[in-house]
Amino acid sequence: MPESCIVKLSQVNYSSVYYFRIFPEHADLMSHLGVLYMKSGKDAISFSKLSTALAFDPNNCKAIVATASMMQTHEDYDYALGKYKVATQSIPDSSSLWNNIGMCYFGKKKYVAAISCLKRANYLSAFDWKILHNLGLVHLHMQQYASAFQFLTAAINLKPDQSHNFMLLAIAISHLDDVEHARQAYEQALKLNKLNATTDSFKLYLNYAVSLFNHKLYSESHLKLLEASKIFERYAAKAEEDEMDLYNKVKTSLQLMGYKFPESVESTENILSASLVEENSQTMLVVYENPSTTQHEVRKKSSKKKPTETSQCEESPDAV
């Protein structure tokens, strides 16, 4: 009876409490409702339901993992790791669990431990594209670009419609000094992002501009940064500090070379149109390269988002 209730509950509206009037103290039903509320973005209600489930059954794995996942999205990694440690005693072979543990260590900047946990998750579920994506992301942060290329390529083969995978792949290829293939990867990311926005457009254009800038393709970098400027006004409120620093560094460097940037969105479009016409005849007034401007992919905080995100976190522990 309770199992059939869980199946039916997943088919109705998230706010349905019909079955809980019949089974008000059923931990599995309560934990399932908490997961549904978490998926709908109602974290406060979700946490309340999951806490109630744990009060009825302290060893309920679904409630434990879901609670830890919620704390992980709010960057309370120590609390999440404590909960995950309890869960490993019951489900040691869960790839989703080891994936989340790995991303907790990634959030704490313990990259070696993160890779160890993620590789265990990959061993348990070799065809999970999210785990491969996360391995590529961690290797990028460790500046191991060949390994990042390997894992990101595998993730793309399994899930070819994710623009974020192509952006990370482009960053890895750019650091391997293959600018043409990096450009192709960025263009594919832009194309996919228009169909299914899985990446912030500002971040995508910013990384594209930095890659071109680092390869001394200043005219093309200027065009991509103009595209980023068009999005800047509505993105600036949620941008992270390192993103803004990178944007301002590249912008300042290009301005010292004589490239123009507007003060408003309307003038951005005018300059962009003129730049497209005059791209082949652009003259650099000052040859200047800022050596401190380095390319990186900024991981957006999931508490403000999505993960990963650049980091991919299994919020719903369906594998439990």
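Residues numbered from 1 in each chain as written. Predicted model: local features only at pLDDT ≥ 70, side-chain atom pairs only at ≥ 80, totals over all residues. Heavy atoms only, no water.

A.B. asks: Can you walk me through the packing of helix α7 (residues 95-107) against helix α8 (residues 111-124) in this structure?
C.D. replies: Each pair of packed helices can be summarised by the angle the axes make with each other and by the distance between the axes. Running from amino to carboxyl end, α7 crosses α8 at an angle of 165°, the nearest separation of the two axes being 8 Å. As summarised for this structure, α7 and α8 are arranged roughly antiparallel, according to the angle between their axes. Our pair here, α7 against α8, has a crossing hand that is left-handed. On α8, the residues touching Ser95, Trp98, Asn99, Ile101, Gly102, Met103, Tyr105 and Phe106 of α7 are Tyr111, Ala113, Ala114, Cys117, Leu118, Arg120, Ala121 and Leu124. (Axes fitted to C-alpha atoms, helices over the stretch in contact; angles between N-to-C directions. Helix = DSSP H or I, 4+ residues; strand = E, 2+ residues; numbered from the N terminus. Parallel < 35°, antiparallel > 145°, perpendicular 65-115°, else oblique. Left-handed = near helix turned anticlockwise from the far one by under 90°. Contact = heavy atoms within 4.5 Å.)

A.B. asks: I tried to follow the pattern of salt bridges on my own but got confused; where do I start?
C.D. replies: Per the stated rule, a full pass over the model turns up six salt bridges. A salt bridge links Lys203 to Glu243; the nearest nitrogen and oxygen atoms lie 3.7 Å apart. Highlighted residues: Lys203 in helix α13 (residues 201-214) and Glu243 in helix α15 (residues 241-256), separated in sequence by 40 residues. Across the pair Lys230 and Glu227 runs a salt bridge, and its minimum N-O distance is 3.7 Å. Here Lys230 pairs with Glu227, and both are found in helix α14 (residues 218-235), just three residues apart, close to one helical turn. Residues participating in the shared-partner salt-bridge network are Glu180, Arg183 and Glu220. (Salt bridge = Lys/Arg side-chain N within 4 Å of Asp/Glu carboxyl O.)

A.B. asks: Whenever I open this one, unusual backbone geometry confuses me. Can you help?
C.D. replies: Trans is the common state for peptide bonds, and a negative phi is the common state for residues other than glycine. Even without a glycine there, the phi angle at Glu75 is positive, about 65°. For Glu75, the location among the structural elements is in the loop between α5 (61-73) and α6 (77-88). Judged by its relative accessible area of 29%, Glu75 is partly exposed. Phi at Lys109 takes a positive value of approximately 65°, unusual for a residue other than glycine. Looking at Lys109, the relative accessible area reads 61%, which means it is exposed. (Buried < 20%, exposed > 50% of the residue type's maximum accessible area, 1.4 Å probe, protein only.)

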